[in-house]
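Descriptive analysis of the structure
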Amino acid sequence: MKFLQNIFDATRPAVTDGKFKALMPMHNALETMMFVPDHNTDNGSHVRDAIDLKRTMVTVIFALMPALLFGLFNAGYQHYKALGLLVDGDLISQFLTLDNALFGAWRLVPMILVTYAAGLGVEMVFAFKNKHAVAEGFLVSGILIPLIMPLDMPLWMIAVSTIFAVLIAKEVFGGTGMNILNIALTARAFAFFAYPSVMSGDKAWVNTTTEAGQSVVDGYSGATALGEMAATGSSSYSAWDAFIGIIPGSIGETSVVMILLGAVLLIVTRIASWKIMLSAVMGALLMGWIFNGLASYMISPEQQVYMAMPFYEHLLYGGFAFGIVFMATDPVSSAHTERGKWIFGFLVGMLSIIIRVFNPAYPEGVMLAILFMNVMAPLIDHYVVAANISRRQKRSTVKAS
Amino acid sequence: MFKTHVVQKGMTLPIMGSPSDLLGTLESTTTFAITPDSYLGLVPKLAVKEGDKVLAGDSILFHKKDDRIRITSPVSGVVTSIVRGAKRRLEHVLIEADAVQAYASFPKGHPANRDEVIERLTASGLWTMLEMRPYGIIANPNDQPKAVFINAMATAPFAPEASITLKGREMDFQSGIKVLSLLASKTVLSIAEDESSTALVGAENVEIHRFQGQHPAGNTSVHIAHVSPLNKGEVVWAIDAQDVAILGQFFRLGEVHLERVITMGGTGFVDPSYVKAMPCMQLTSVMDEALRVDRTYRVISGSVLTGQAVGKDGFLSYNANQLTAIPEGEGTEFFGWVLPNIRKFSKNRTFISWMFPHRKYDLSTKMNGEDRNFVMTGEYDRVFPFDILPNQLLKAMWANDLESMEALGAYEVVEEDFALCEVICTSKQPLQSLVRSALDMLHAEMN
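What you see as residue numbers is a count from 1 along each chain, following the sequence as written. Here the convention is simple: chains get letters from A, ligands get numbers from 1, in the order in which they are written. Side-chain atom pairs in this predicted model are given and counted only at pLDDT of 80 or more, local residue features only at pLDDT of at least 70, and totals for whole chains, interfaces and linings cover all residues. To get the side-chain values, all heavy atoms of the structure are used, and hydrogens and water are removed first.

1. Remarks on the packing of helix 1 (residues 114-124) of chain B against helix 6 (residues 241-253) of chain B
Residue and element names in this part refer to chain B. Our working definition: Axis angles are defined between N-to-C directions and span 0 to 180 degrees, where every axis is a line fitted to C-alpha atoms and, for a helix, only to the segment in contact. Secondary structure follows DSSP: runs of H or I at least 4 residues long count as helices, runs of E at least 2 residues long count as strands, and numbering of each begins at the N terminus. What sets the label is the angle itself: under 35 degrees gives roughly parallel, over 145 gives roughly antiparallel, 65 to 115 gives roughly perpendicular, and the rest give oblique. Contacts were defined at the residue level, with two residues in contact if any of their heavy atoms lie within 4.5 Å. When residues are grouped by polarity, Ala, Val, Leu, Ile, Met, Phe, Trp, Tyr, Cys and Pro land in nonpolar, Asp, Glu, Lys and Arg in charged, and all others, Gly among them, in polar.
In the contact formed by helix 1 and helix 6, the axes pass within 12 Å of each other and the chain directions differ by 100°. Considering the angle they form, helix 1 stands roughly perpendicular to helix 6. Residues Arg120, Leu121 and Ser124 of helix 1 pack against Leu247, Phe250 and Phe251 of helix 6. Residue composition of the contact of helix 1 with helix 6, grouped by class: 4 nonpolar, 1 polar and 1 charged.

2. Brief notes about the domain arrangement of chain B
Residue and element names in this part refer to chain B. Threshold: The source of the domain bounds is an automatic or database domain assignment. What gets called buried area is simply the loss in accessible area from a 1.4 Å probe that two parts show on being joined, summed for both. Whenever a carboxyl oxygen of Asp or Glu lies within 4 Å of a side-chain nitrogen of Lys or Arg, that contact is scored as a salt bridge. For the purposes of these results, a polar contact is taken to be a pair of N or O atoms within 3.5 Å, where, inside protein, one atom must be able to donate a hydrogen and its partner to accept one; residues adjacent in sequence count only when each atom of the pair is a side-chain atom.
Assigned domains within chain B: domain 1 (3-16 + 107-253), domain 2 (23-27 + 260-327), domain 3 (31-97) and domain 4 (367-446). Distance between the C-alpha centres of domain 2 and domain 3: 22 Å. A buried area of about 730 Å², summed over both sides, lies between domain 2 and domain 3, and 71% of it is on carbon and sulfur atoms. When the buried surface of domain 2 facing domain 3 is broken down by residue, Cys280, Phe315 and Tyr318 rank first, second and third, together holding 63% of it. Inspection of the region where domain 2 meets domain 3 yields 0 salt bridges. Seen at the junction of domain 2 and domain 3, the total is 2 residue pairs in polar contact (both at pLDDT 80 or more). The class makeup of the residues in the side of domain 2 that touches domain 3 is 6 nonpolar, 1 polar and no charged.

3. Thoughts on the pairing of strand 17 (residues 273-277) of chain B
Put simply, side chains in a regular strand alternate between the two faces of the sheet. All names here are of chain B. The condition is simple: The buried label applies to any residue whose accessible area, calculated with a 1.4 Å probe on protein chains only, is under 20% of its type's maximum; exposed applies above 50%, and partly exposed to all values in between. For two strands to be treated as a pair, DSSP must find at least two bridges joining them.
Of all 5 residues in strand 17, 4 are buried; the element is thus mostly enclosed. Sheet analysis places strand 2 (residues 23-25) next to strand 17, joined by 3 bridges and oriented parallel. Directly across from glycine 24, in strand 17, lies its bridge partner valine 275.

4. Structural notes on the interface of chain A and chain B
How big an interface is tends to be stated in terms of accessible area lost as the parts join. Tallying the contact residues gives 61 residues for chain A and 75 residues for chain B. Together chain A and chain B conceal approximately 6000 Å² of surface at their shared face, both sides included; 53% is due to carbon and sulfur atoms. The three residues of chain A that bury the most area against chain B are Arg48, Arg55 and Arg270 of chain A, which together make up 13% of that side's buried surface. Across the contact surface, chain A and chain B share 5 salt bridges. For glutamate 422 of chain B, the salt bridge goes to arginine 48 of chain A, with nearest N and O atoms at 3.9 Å.

5. Quick word on the domain arrangement of chain A
Its domain assignment divides chain A into domain 1 (8-34) and domain 2 (272-401). With centres defined by C-alpha atoms, the gap from domain 1 of chain A to domain 2 of chain A works out at 44 Å.

Given below as structure tokens:
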């Protein structure tokens, strides 16, 4: 590795003083990515924990890997199923094929590359402008964004959504650590409202492009489970399918079991708050249970059927699990106080189910629920902090009297 | 017997190089330095010129704002030079010690009342051993504190055990407590939950509280928070147990004898142990013998969490009760942030090493990353045992928001309470210097 270090050392003068000053953030970002720098502590604590933000972020990426890999297979599987090209055999031999994985990878890899290029490009510009190092926040956002976008989305749309999200949701507020909204969800919300035809409808979530001699199976609908529910109140996919994840949807969101694997890693390493995850699940369960009780009072029969769905099944469909595990737990845009996290998560869970059930135009409730609660998180924190302050003031007045 | 307070949150730093219980001696040195910067809250005014002869206990510096407060010489000798830095800022007053020590004489015997205690302590320079809470600066003799807290509990890495430092000075310790009890209506002695030394558990004229828990359970702020929380406008004075013995000795002999027992800890020392040392002494000759030579080591006057890096030719601080030497970090690490890293210390569980909680590490001064904005939340709470929201308080300090600082509990903490937060911080924020400058600002605004 000595020769890599030598390259960085040799090029450093050019970017610090020379004519390539504009490349300084990039040089620094690349160097610190390859080598943990040899900085030493000053005064204060003379020893430091081995953790840094890069390590934190890369752990989240590891946690995303099961869902990502499963998503690759599922993308291919859903595509070949729509075209009726699945070979005979049991589900496993149909699902775990190289063709499926390659089909998914062929589409996902360019999406990831474009997202990173667009997002990191903006970060570098701001790093240069504000003279700071490139922060690691986008390492995770850059994977999250492709995982929640449709597979067929034109790459330029992804680039535009990403640039919008990084600019408006993050850099405007001061960069990583200062944003009020989750970056990946902002990108998705932007795409959702800017390019609705790409982002919704039956065609959005399964690739049905045909080559010569291929055709979509008669009567095939690419509707997601939530899409079906919004229309008819029930889904043709079983809860078991949804749990395993062999249903249409964005790449990352379908497999609850793979997301759970990631959740376990995040909770064990304490990167993500288990309080938010648990309270969000409780919120969703409570709302589903309330809806069960109210189902018979609804006017439309679809609504009645939808609301009578077993309350725990809400956890399995759509992007709920993915959103709760990877997005609601974003430490910057969620509540910052430990008590606030309980309230934040609970309301995210409740709102997700409310939006999902009552608003057929947005079958995916979790995105709007999290973004809404991102905005409300400072308010929750405000009251938690105020309680701490008033405890202190009370102590002092009791003493004085 | 005594009330035991359990401190739930905290962390024992798993660092190698713990001192043995043996008491060694440090080769005596002849050069001593008074360093005004190390006395927090002091505005120095010189009382001596170069070439002046001084006795141990003679004034070297006055406090400009209250000339009763003075810094006195730890030894008798000659003022050899007055070192100034940029803008004629006073950096050191160097004193070359005599071969045979002579002591300035002060009145002997137990003081009669509070005013006499204050007068005799300020005159001898021993007053600077009393620390004022809030702010963590030299106590103001005009204040009427609600209590004096004596800290005889060591939880910082390599910190000396009071039972060892007080050995042979039990009587002085007890008479020191008696003197201090004249200063406030309440005197508190905090000791570890398993403390058995009779000098401590048998101490009289004092309210004894036991504390159980990992660092920072031994910090005075924690003791105050449990026994008598500081509200706005209230003042507490704090003092270290060994300083109480020094104080007792002063009232017995009428002379200033500052020699104290300190620890030398850390893997940089050939033989980590307890030693007798003089405050303000130059460390050069000592370090030539005691330090290992295989690597570059950082010598720290104080603990690894809160001390000052002094360099091999530096001086022991006036109030340090330990010396630490740990290796300087060297070299870069290829993809160190991705690898599982079984042999790295982290409170965070992204390193496999969390599965080996009893492993100890040869910790170096490596930063292990670059500084970033605050990102993670709930991290500091694990090592911060106060009913204070650390992130919010730190952000208020960051923003120089005095009103919020006050409301969020800035009066109840000093920088050492954030030392562990600083150690485990993912974003590598310089928390202690942030807290120090915020407290200085708060003090300047409020007084």
